[in-house]
Every structure is written in structure tokens, then in C-alpha cells.
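# A look at the structure
Residue strings, one per chain:
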Amino acid sequence: MPELRKDSVTGRWVIISTDRSKRPGDFIRERVVAKGGGFCPFCPGNESKTPPEILAYRPNDKAVHNGEGWNLRVVANKFPALGIEGDLGRQADGMFDKMNGIGAHEVVIETPNHMETLATMPLKRIEDVLWAFRDRILDLKQDRRFKYIMVFKNHGEAAGASLEHPHSQLIALPIVPRRVREEVDNCWHYYDEKERCIFCDIIRQERDTGERVIGENEHFISIAPYASRFPFEMWLLPKVHGSSYENNQSSIYSSLARMLKDTLMRLDVVLDRPAYNFMIHTSPVGEEINDHYHWHIEVIPKLTKVAGFEWGTGFYINPTPPEEAARFLREARLSEFVLTEKK
């Protein structure tokens, strides 16, 4: 029969609908495969069609700034959600509260190759993307107006991507988002009671049982969370406690590149290249070093829709138990993915 499961981190309840359990092939979705053709502002040769570079990685030191020859570029979003200029100007509007829309909105163009994805890119190039996230977080944190830096990726039109060229985004916010604040505070309450990080405890339990573990390497583990909101939801967590994404030893990012590539390849094999979102959950600015919060990456394939019940209750209905999702992903034959890509 269906189960109600409680997310121990957020306190949110999820309905795991075991009676109508769905296998990977049961979901109706459109494969995300780059078509190419037409004009793309992110492709090499079109650098003048984007805002000026904020950051770029080029193998040749003599390459021209804002010109070709790059492996990765970071530019301001041409249509930003928040603007960089001005002050916060927080004020009351009668019984309401408002402030100026101050922030930063940047695009990480992950590769010059329009047809690549994070699942197919070479490991070194994936590591470059992860370093770019770190470099930009560290720089944006210098602006005292910003309280949180959100890094996320929308892969595929169904996941919110408006351009198919591989890219991800950063948005610097003048406030800590409520979802983040609740998660961090709940972790603090757990630590205050037990003197342990809740994510570290989750990792220990998941490694002991193994039923929701998808993959593991020297520094990282990927799991299907116990109270997964969505089918085939995944978390990537550092096995040693760390509270902020940007404060890691250099070896961590190469290890994360391997874990991320492995995870996304499994997703492509099992679900036939689905649209997905991923988000980096890290500590707010000014709270980077602590014992209670554990940074991680959440990956959510776009297989179901959030509808009236979810909006009205805050509950999610997941038609695929995380134990089954983990098994499908864990048993994925990655050799099939590699052979497909070589054709």
C-alpha cells in the first residue's frame, strides 16, 4: 500500500505510491537531444552577441578576450532576473515589505561544442565547469549585498532551458531563500540535539543498507533520498563533512566531476536522455564554515508534473519508490551509453 515518508532534513512529507509503481519506460517524455542548426549566441564566433565575458578559460594564453579559442565562458544573463546596480532600498509598503531587485544573474557556457552535454563531455571539461562555479561564488561573495549564491542547471526545454547549447546559471540574491533557510535551520536543530550533522548520519545509514545507493567513489556518494519528492531524484553528497561548495581542496572537484558524469550517464541510459534540473545546495554567505550543514547537489529529472494537490498541500506524490529507482540506476550498463555516443 502507499507510504507516507518524512524527509528528515526538511520535515516535508512525501507519498510514495507503491501500488502504481512506475518503471523507467512508463514515463511519457521527450528525449533531450541537441538538434543544432540555426543561430546560437553561445557558439564560437558569436561572442559579440553575448554580454562581455566575466570569466573565461582558454588553453592558449594568447587567445583574444571576448573572442574564440575558449573552453568555457561566463557572461551576464542578457535578461537578468535581478540587476547588479543600486542599493537594496528595503522599505515598508503599508503592511507589505519590499526592496529593490538587486542581485547578479550569470550564465556559464559550459563548452564551445553545441552538441555536448555534461554526460558526454570529457572529465577535465566537467571539472572546469565545477571550478567556474567555485570561482564565481567566491567573487560574488565579496559583494556585501549578497546573502546567497544559487547555482543551477536547466537541461532541456521541459526543465526550463530556453537555449539548447549546454549552459548553467548562477543567481546572487540579497536574501537567503526560505527553502534554504529552513533546510539550514533544521540541520542546526538536529546538530544541537545530537551533536552530529544530519547529512553525515544519512550517509552512514545509506551506506549500511545500500538499497538506495546509486554510486560511490573516494570522495562522493550518490543516493536516491528516502523521501524522494520525484521519481529518480538523486543527491550527490561529499562523504566527508563540508558545509560550503566553494571551500574544498582542489582534488574534490576532479572527484566530483567523475561522480557527476557517472550519475548523469546513468540517468541518460535508464531514462533515455530526460530533461532535468540540478541545484547546488550550499551554506549562505557568512555561514560558510559550520558543523551542522552539509553541501550537496540535487538532481531532479522532469518526469511528472506538480499539480493542484502538491500546490495545495505541500505534499508530493512519487510513483517510483527510491529503492527501485536506485536499483535501476545502479544496474545501468554505462557501456551501452558509451557505444551509443560513439556512433
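## Some details on the overall build of the protein chain
Across its full length, the protein chain holds seven helices and 15 strands. Computed over its C-alpha atoms, the radius of gyration of the protein chain comes to 20 Å, within 12% of the 20 Å expected for a compact globule of 343 residues. Each of the three principal axes of the protein chain carries a C-alpha extent, and together these read 60 × 60 × 40 Å. Residues counted as buried form 52% of the 343 residues belonging to the protein chain. A fraction of 70% describes how many contacts in the protein chain between residues 6 or more apart in sequence connect residues 24 or more apart. Carbon and sulfur atoms make up 52% of the accessible area of the protein chain, which amounts to about 16,700 Å² in all. Averaging the positions of the 46 positive and the 50 negative side-chain charges in the protein chain gives two centres separated by 3 Å.

## Structural notes on the side chain of Glu53
Along the polypeptide, Glu53 turns up in strand β3 (residues 53-57). Of the residues examined, Glu53 reaches a relative accessible area of 9% and is grouped as buried. Polar side-chain contacts of Glu53 include one of 3.0 Å to the side chain of Arg73. Excluding residues within four positions of it along the chain, Glu53 makes contact with Arg58, His65, Asn66, Gly67, Arg73, Val74 and Val75.

## Points about the sheet that holds strand β4 (residues 72-76)
With antiparallel pairing, the ten strands of this open sheet are ordered in space as β3-β4-β7-β9-β8-β13-β14-β12-β11-β10. Of all strands in the sheet, those bounded by a partner on one side alone are β3 and β10 (213-216). Here the strands of the sheet are splayed against their neighbours by 20 degrees on average, with no regard to which way each runs. Relative to the sheet, helix α2 (residues 178-194) contacts β8 (148-155), β13 (276-281) and β14 (296-301), its axis offset from that of β14 by approximately 125 degrees. Docked against the sheet, helix α6 (residues 322-330) engages β10 and β12 (234-238), running at close to 40 degrees with respect to β10.

## So, helix α3 (residues 198-209)
Relative to the 16 Å expected for twelve residues at 1.5 Å per residue, α3 spans 17 Å between its end C-alpha atoms, a close match to the ideal helical length. Those residues of α3 not exposed but buried are Ile198, Phe199, Cys200, Asp201, Ile202, Ile203 and Glu206. Summarising the contacts, the buried residues of α3 are in contact with α2, β10, β11 (220-223), β12 and β14. Positive phi appears at Gly210, one or two residues downstream of α3, with a value of about 80 degrees.

## A word on the packing of aromatic side chains
As enumerated under the stated definition, the model contains nine aromatic pairs in all. Aromatic ring contacts, followed pair by pair, group Trp131, Phe220, Tyr245, Tyr253 and Trp295 into a single cluster. Directly above the ring of Tyr226 sits Arg5, whose terminal nitrogen or CZ lies 4.5 Å from the centroid. Directly above the aromatic system of Phe328 lies the positively charged group of Arg327, at a separation of 4.8 Å from the ring centroid.

## Re the environment of Lys124
When you line up the elements, Lys124 lands in helix α1 (residues 123-140). Looking at Lys124, the relative accessible area reads 52%, which means it is exposed. Distance in space between the C-alpha atoms of Lys124 and Ala257 is 7.8 Å, their sequence separation being 133 residues. For Lys124, the side chain forms a polar contact with the side chain of Asp128, separated by 2.7 Å.

## Digging into the environment of Ile137
Tracing the chain through its elements places Ile137 in helix α1. Separated by 184 residues in sequence, Ile137 and Pro321 have C-alpha atoms that sit 35 Å apart. When near neighbours in sequence (up to four residues on either side) are disregarded, Ile137 contacts Ile149, Val151, Leu170, Tyr245 and Glu246.

## Section: the pairing of β11
Residue alternation in β11 divides its side chains into two sets, Phe220 and Ser222 and Ile221 and Ile223, and both sets are buried. Bridging between β10 and β11 involves three bridges; their strand directions are antiparallel. Across the sheet, Val213 pairs through a bridge with Ile223, a residue of β11. In terms of strand pairing, β11 meets β12 through four bridges, oriented antiparallel. Counted as the bridge partner of Ser222 is Leu236 from β12.

Reading the values: the criteria
Residues numbered from 1 in each chain as written. Predicted model: local features only at pLDDT ≥ 70, side-chain atom pairs only at ≥ 80, totals over all residues. Heavy atoms only, no water. Helix = DSSP H or I, 4+ residues; strand = E, 2+ residues; numbered from the N terminus. Rg over C-alpha atoms; globule rule 2.2 N^0.38 Å. Buried < 20%, exposed > 50% of the residue type's maximum accessible area, 1.4 Å probe, protein only. Contact = heavy atoms within 4.5 Å. Areas by Shrake-Rupley, 256 points an atom, 1.4 Å probe, with all protein chains shown as cover. Lys, Arg positive; Asp, Glu negative; His and termini not counted. Charge placed at Lys NZ, Arg CZ, Asp CG, Glu CD. Polar contact = N/O pair within 3.5 Å; in protein donor to acceptor, adjacent residues only side chain to side chain. Pairing = 2+ DSSP bridges. Axes fitted to C-alpha atoms, helices over the stretch in contact; angles between N-to-C directions. Expected span 1.5 Å × (residues − 1). Phe/Tyr/Trp six-rings, centres within 6.5 Å; stacked < 30°, edge-to-face > 60°. Lys NZ or Arg CZ within 6 Å of the ring centre and 35° of its normal.

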